[in-house]
Amino acid sequence: MRKLAIALACLIPFSIYAQEEREEGRPRKITEQPARPSTLTLQGKVVSETGEPLPGAYVKIEGTIQGSVAGANGEFRIVLLSPPENITLQASFVGYEPATLTLSAAQAAQPITLTLKETSVRAQEVVISATRVSEAVMNSPVTVLKMSSREVQEAPGLNVFQNIPFVKGAEQVSSSLTFQIVNTRGFNSTNNTRFVQRMDGVEMQVPALNFPLGMLTNNNDLDIESVEIIPGPASALYGPNAFNGLLNIYTKDPFRYPGSSGYVRFGVNHIDGIDTTLRPLFDVSVRSAFAWRNRLGFKVVFSWFDGHDWIPSSTVDRGNYAGAAGAYAIPGAQNPGYDAVNRYGDEIRISPAQVRTIAGNLPIPPRDPNDLDFYLARTGYFERELTQYYARAFRTTVGLYYRITDKLQLSYTGMISTGATMYQSVNRYAFRDFLFHVNKLELSGPDFRFWVYGLGEDAGKTYDVRFAAINLLRRVKSDQNWMVQYVWNYTGQLHQLFTLRGWDPAAFGISPGGNHAESRAFADSDRGEAVAAYILANTPAGDPIRNIVPVLRGGARPAPGSPEFRRLLNEIIAQPNFAAGGAQFFDRSSLYHSEGQYDFSRLVRWVNLLAGGNFRYFLMNSKGTLFSDTAAPIGLWEYGVFLQASKNLWNDRLRLIGSLRYDKNQNFMGQINPRAGILFSIDPEKKHNLRFSYQTGFRMPTLQAQYIDLNLGVLKFIGGLRQSDTYYGIINNNYSWASVNEFLNAVQNRTRGTANPSAYADFLRTLPIENVKPEKVGVLEVGSRHLILDKIYIDLDYAYSRYQDFIGTIDLIGPIRYIRSDGSIFMGQLTPDSIASGRYVRYRRYYNSTNVVYTHNIGISFQYTISRRFFVNMNFNYADIILSEAAKKDALIAGFNTSRYRTSAYLTGRELLRNRRLSFTIGHRWVNAYFFQEPFHEQIIPTYQLVDAQVSYKFPKINTMLRVGGQNILNLRHIQVPGGPTLGALYYVQVLYDPFLP
């Protein structure tokens with residue numbers, strides 16, 4: 001510890017000295033310390049084929065963790081404390097093929113020259129994710145995709161997540177300016193728990209909700225070294241929930257990327273002024289890293305993003321009008337049952353049968369008894385009236401690295417992220433001042449890694465926008481009172497009552513009846529209070545008319561933006577209990593994880609062997625606002641182990657690989673996931689490779705799917721574990737909501753000539769309630785990679801997938817449950833009579849489908865190096881789902897939510913003009929129309945196409961680059977998720993400083 005403290009104290013002056021050594025035009029100083037006899041100093045230069053120095057190239061000693069960054073003249077220097085007899089150097093640089101050189105200890109003592117060949121062909125790039133060990137893309141037995149740091153830097157989008165659609169097979173949708181959802185091979189979602197996002201071995205999921213938050217839980221692009229994507233299941237190596245795919249992000253360590261870098265970006269969006277006026281955008285990031293004597297490393301990254309979010313404004317009526325008559329069955333704003341997609345509070349609706357019941361509760365008959373077949377909804381608030389569209393993200397990462405020996409490194413990484421965004425799931429949520437933090441400790445060597453980390457979250461002031469509206473309306477007037485006041489005013493019953501008493505109804509704004517606009521205005525006002533006061537003042541005690549006074553109570557609906565509106569809204573979003581009138585989302589859950597792997601390949605010569613495993617523990621803490629953890633936080637553990645073996649045969653032209661993994665979750669039986677693959681090189685040069693693989697994957701039910709217990713007002717959302725079923729008494733005492741609707745329609749319309757509910761009992765169907773279980777998938781994949789004339793790279797793949805036990809949600813009704821005064825629990829028994837009279841509780845429960853689903857996925861990637869300066873990349877993706885007739889009717893099967901056809905293409909020009917300072921990228925994306933199903937809303941996403949572009953100019957003497965670019969530069973407004981925001985153009989100007997500019 002004393003040595004570490006001294007090293008930390010010396011960090012800054014030594015880093016300044018190291019920077020001086022790297023200054024352009026000065027020879028690198030080599031000041032030798034008195035070395036022990038066992039040490040060896042390697043020094044030399046990294047150059048291109050033309051002899052040009054390559055500053056920033058990285059030279060690594062195979063079998064150790066030691067390496068060095070080439071200085072301004074391409075020179076490097078590495079000190080080995082315990083040199084082996086033979087030394088293998090590995091040199092790499094962005095845009096060049098890696099090179100390897102093996103030397104004896106005597107040869108290594110002489111000046112060394114490493115020559116790298118320039119390339120832009122992806123086949124030569126090294127990936128790790130496919131098998132958890134380093135290998136060239138060309139040699140991977142499964143489909144794996146990569147974006148290098150250079151491609152990340154050249155891409156036109158604001159961040160790496162907005163550029164992922166340019167990768168074959170990957171798709172991305174936005175529910176916010178700062179919240180992008182990545183997926184592969186179908187079954188996408190706005191909260192995608194089927195796709196895993198990892199950063200340096202940390203699964204960056206929100207502990208309670210079990211899905212990644214994209215850029216909000218990831219380092220800034222400035223610190224990204226590479227991005228790798230595995231389409232399809234990766235559970236055999238990465239465990240649960242790598243079901244649809246895996247995104248691995250690797251950040252820059254301070255030994256390989258020392259020095260300081262940063263950028264300032266200014267942009268604008270909402271340029272057409274449709275949703276709001278033109279808004280500015282600011283994005284600032286700074287990274288600083290230092291390495292002292294190649295032993296102690298430190299980095300810190302800060303980033304701040306501030307913009308104005310995209311705004312959802314759909315006024316489409318999503319209301320159900322089954323049973324309504326005539327014009328009342330036509331959706332739209334003119335309908336009294338109008339339920340707009342992005343207006344909240346109007347979900348509080350009653351059916352024609354309930355309208356007739358209300359009208360029948362007053363002795364005076366309605367004006368027109370035949371004019372009661374309409375749905376009625378409360379007057380809601382549009383989303384833009386309930387929230388401000390901040391899009392903010394502040395992230396900071398600190399890393400400390402210490403190389404204990406040549407083969408052992410200890411590191412600590414800490415990350416904190418906070419900000420604001422909009423999140424969409426069952427409802428839409430305004431994330432405000434949330435806090436996400438990571439602490440990770442890792443011990444690593446050439447053949448092993450072991451790391452532990454903890455994730456924590458605090459939802460801060462996050463709130464449910466829909467419940468903010470619902471509870472604001474209920475705060476001023478109950479749903480029952482509002483409905484009664486509307487119906488009695490519309491039917492003319494209040495008017496008739498006042499007329500019979502000789503009172504003046506016009507004095508209170510009471511309508512003669514038949515006018516929906518006047519009736520809504522009456523119900524939205526506090527005129528009922530005046531009517532109630534008048535009745536009490538003008539009738540004696542015992543007068544029957546006094547009985548209607550309670551339903552005339554209630555205040556006026558606050559006008560959006562008024563002082564009363566703001567006061568009530570602030571009170572509601574500060575209260576966490578939805579059922580008790582609040583809207584705040586309380587969550588302080590955490591996740592603790594340990595993981596390790598060991599590569600036995602150096603010990604077992606005849607086969608490459610890799611083994612590993614992990615253990616994790618969730619701690620749910622929502623204080624009963626999300627989970628059934630009212631009494632205390634709930635803990636849940638799971639673990640997994642894997643073994644992978646591979647063998648190269650026939651002069652390495654044939655590669656066999658197989659892996660097996662076992663996972664166990666506290667609430668579910670163990671899962672075994674195998675994977676097998678074959679890679680065959682058609683030619684001895686290995687430029688035409690075929691691959692075949694069979695992979696399996698599984699997805700554990702999320703914490704929500706297991707433990708959610710959320711009162712949504714109109715229904716109760718519960719998890720799929722047996723304990724919830726027992727608590728609410730729905731085992732063998734339930735009916736599906738679909739069958740209840742059929743039953744009520746039949747009773748209402750007297751399809752069998754009687755109103756007796758028992759005559760329609762056969763309409764009611766009981767659901768078999770079983771413990772929710774993991775989803776499973778098996779994938780057969782074939783593909784090929786081809787490198788032609790070292791200029792054309794083609795990557796083809798086809799995947800045939802079989803899914804079973806899909807997890808979805810199903811609506812059902814259960815008995816009324818309440819606690820008697822003596823503490824005993826009363827659980828009613830459902831009957832046709834109880835259903836017809838409304839004596840039941842509606843539930844939404846997680847459930848497994850019994851149907852099997854098949855999908856096809858085809859991906860084609862084409863890369864052509866036109867010249868040393870121009871490159872074109874094109875991708876085509878096809879995805880389709882195969883459903884049986886039974887599966888088509890199964891509402892549990894989550895929507896495929898993927899376009900059948902997608903294309904992307906981009907053209908890159910590098911180092912243009914005489915001074916080789918100008919570069920550009922222009923990209924085009926096209927997505928064919930498709931149907932997107934979500935709990936919040938479902939609709940057809942219309943076909944859209946986007947053009948993104950950026951132009952950059954370098955100032956090499958000061959390591960600076962100026963970029964001008966934009967997303968959707970043609971401002972083709974479109975949506976990507978149902979009920980989500982309308983996206984438009986965004987333009988920016990950026991100044992970047994980076995000593996490692998390619």
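A.B. asks: Please clarify how the sheet that holds strand β35 (residues 709–711) should be interpreted in this entry.
C.D. replies: Sheet strands pair via backbone hydrogen bonds, and the direction of the pair is either parallel or antiparallel. Within the open sheet, the five strands sit side by side as β35-β36-β43-β40-β37. Their pairing is mixed. Taken across any chain shown, the strands that pair with only one partner, and hence form the sheet edges, are β35 and β37 (735–736). Across eight bridges, strand β40 (residues 807–814) lies against strand β43 (residues 841–848) in antiparallel orientation. Bridge assignment links leucine 812 to a residue of β43, and that residue is tyrosine 843.

A.B. asks: Looking at this structure, how should I read the packing of helix α9 (residues 479–490) against helix α11 (residues 516–524)?
C.D. replies: The geometry of a pair of packed helices is captured by two quantities: the angle between their axes and the separation between those axes. As a packed pair, α9 and α11 sit with axes 8 Å apart at the nearest point and diverge in direction by 145 degrees. α11 is crossed by α9, and the crossing has right-handed handedness. Within the contact between the two elements, α9 uses Trp482, Gln485, Tyr486, Asn489 and Tyr490 and α11 uses His516, Glu518, Ser519, Arg520, Phe522, Ala523 and Asp524. Tallied by class, the residues present in the contact of α9 with α11 amount to five nonpolar, four polar and three charged.

A.B. asks: Sorry, what's going on with the pairing of strand β2 (residues 58–61) here?
C.D. replies: For a regular strand, the rule is simple: side chains alternate between the two faces of the sheet. Here three bridges tie β2 to strand β3 (residues 67–69), and the two strands are oriented antiparallel to one another. When the sheet's bridge partners are listed, lysine 60 is paired in β3 with glycine 67. Adjacent in sequence and paired antiparallel, β2 and β3 are bridged by five residues, among which glycine 63 carries a positive phi angle near 85 degrees. Pairing analysis gives four bridges linking β2 to strand β5 (residues 86–92), with the strands arranged antiparallel. Paired with lysine 60 across the strands is glutamine 90, a residue of β5.

A.B. asks: Help me out: how do you make sense of the sheet that holds strand β6 (residues 99–104) in this one?
C.D. replies: Read from one edge to the other, the open sheet built from four strands follows the order β3-β2-β5-β6, with strand pairing classed as antiparallel. Looking at strand neighbours, the two that pair on one side only are β3 and β6, the edges of this open sheet. On average, adjacent strands in this sheet sit at an angle of 20 degrees to one another, irrespective of strand direction.

A.B. asks: I would appreciate a short explanation of unusual backbone geometry in the present structure.
C.D. replies: What you tend to see is this: most non-glycine residues have negative phi, and most peptide bonds are trans. Unusually for a residue other than glycine, asparagine 241 sits at a positive phi of about 75 degrees. Of note, asparagine 241 is situated in the loop between α6 (235–238) and β16 (245–251). On the accessibility criterion, asparagine 241 (12% relative accessible area) is buried. We note that asparagine 732 has phi near 55 degrees; this positive angle belongs to a residue other than glycine. Here asparagine 732 is to be found in the loop between α15 (722–728) and β37.

A.B. asks: Even after reading the chapter, I still don't get the pairing of strand β13 (residues 195–199), so can you show me in this structure?
C.D. replies: The buried count for β13 comes to five of five residues, which makes it a mostly enclosed element. Here β13 shows a buried face lined by Phe195, Gln197 and Met199 and a second buried face lined by Val196 and Arg198. The sheet contact formed by β13 and β16 spans five bridges and is parallel. The residue bridging valine 196 from the neighbouring strand is leucine 246, located in β16. Here β13 pairs with strand β14 (residues 202–203) via two bridges, running antiparallel.

A.B. asks: Explain a nonpolar patch on the surface to me, please; I cannot follow it from the model alone.
C.D. replies: Residues Tyr402, Ile404, Leu410, Tyr412, Leu441, Leu443, Phe450 and Val452 make up a contiguous nonpolar surface patch of about 620 Å² in total accessible area. By the secondary structure assignment, isoleucine 404 is in strand β24 (residues 390–405).

A.B. asks: Looking at this structure, how should I read the pattern of salt bridges?
C.D. replies: When their charged atoms lie close together, side chains carrying opposite charge are able to pair. Taken as a whole and assessed by the stated rule, the structure comprises 60 salt bridges. Linking aspartate 346 and arginine 343 is a salt bridge whose minimum nitrogen-to-oxygen distance equals 2.8 Å. Using a relative accessible area of 12% as the deciding quantity, one classes arginine 343 as buried. Among the ionic contacts, a cluster of salt bridges with common partners joins Lys168, Arg185, Arg691, Glu781, Arg785, Asp795 and Asp797.

A.B. asks: Honestly, the environment of isoleucine 535 in this entry has me stumped. Any pointers?
C.D. replies: Tracing the backbone shows isoleucine 535 in helix α12 (residues 527–538). On the accessibility criterion, isoleucine 535 (0% relative accessible area) is buried. Measuring from C-alpha to C-alpha, the distance between isoleucine 535 and serine 904 comes to 70 Å, with 369 residues separating the pair along the chain. Excluding anything up to four places from it in sequence, isoleucine 535 contacts Trp503, Ile545, Arg546, Ile548, Val549 and Leu552.

A.B. asks: Looking at this structure, how should I read the side chain of serine 175?
C.D. replies: Along the chain, serine 175 turns up in strand β11 (residues 170–176). Using a relative accessible area of 1% as the deciding quantity, one classes serine 175 as buried. Discounting residues that sit within four places of it in the chain, serine 175 has contacts with Ile181, Met422, Gln424, Arg428, Val977 and Pro981.

A.B. asks: Which parts of the structure should I look at to understand the nonpolar core?
C.D. replies: For soluble globular proteins, nonpolar side chains are generally found buried alongside one another. Among the nonpolar cores identified, the biggest contains 105 residues, and Phe161, Leu177, Val227, Ile229, Leu247, Phe305 and Leu386 are the most heavily contacted of them. For this core, the element with the most residues is helix α8 (residues 465–476), which contributes seven residues. Sequence-distant contacts of phenylalanine 161, that is, excluding residues within four places in its chain, are made with Gln172, Gln180, Val182, Gln197, Gly214, Met215, Asn218, Leu247 and Ile249. Ranked by size, the runner-up nonpolar core spans 38 residues in total, among them Ala359, Ile364, Tyr375 and Ile548.

Quick notes on the rules
Position labels on residues start from 1 in each chain and follow its written sequence. Reporting in this predicted model follows two pLDDT cut-offs: at least 70 for local features of residues, and 80 or more for side-chain atom pairs to be given and counted; totals over whole chains, interfaces and linings ignore these cut-offs and use all residues. With hydrogens and water stripped out, all remaining heavy atoms of the structure feed into the side-chain values. A pair of strands is labelled paired if DSSP reports no fewer than 2 bridges between them. Think of it this way: any DSSP run of H or I at least four residues long counts as a helix, any run of E at least two long counts as a strand, and we number them from the N terminus. Note on geometry: axes are C-alpha line fits, over the in-contact stretch for helices, and angles between N-to-C directions span 0 to 180 degrees. Working rule for handedness: look at the near helix, and if it is turned counterclockwise from the far one by less than a right angle, call the crossing left-handed; if clockwise, right-handed. Residue contacts are defined here by distance: any two heavy atoms, one from each residue, within 4.5 Å place the two residues in contact. Residue classes follow a fixed rule: Ala, Val, Leu, Ile, Met, Phe, Trp, Tyr, Cys and Pro count as nonpolar, while Asp, Glu, Lys and Arg count as charged, and any other residue, Gly among them, counts as polar. When a residue's accessible area, from a 1.4 Å probe over protein chains only, is under 20% of the maximum for its type it is buried; when over 50% it is exposed; and in between it is partly exposed. Candidates for patches are residues over 30% relative accessible area with no salt bridge; among them, like charges are joined within 9 Å and nonpolar side chains (Val, Leu, Ile, Met, Phe, Trp, Tyr) within 5 Å. With residues, only the protein chains shown are counted as cover, and all accessible areas are computed by Shrake-Rupley using a 1.4 Å probe. Here, a salt bridge means any Lys or Arg side-chain nitrogen found within 4 Å of an Asp or Glu carboxyl oxygen. Buried residues of nine kinds, namely Ala, Val, Leu, Ile, Met, Phe, Trp, Tyr and Cys, make up a nonpolar core once their side-chain atoms join them within 4.5 Å.

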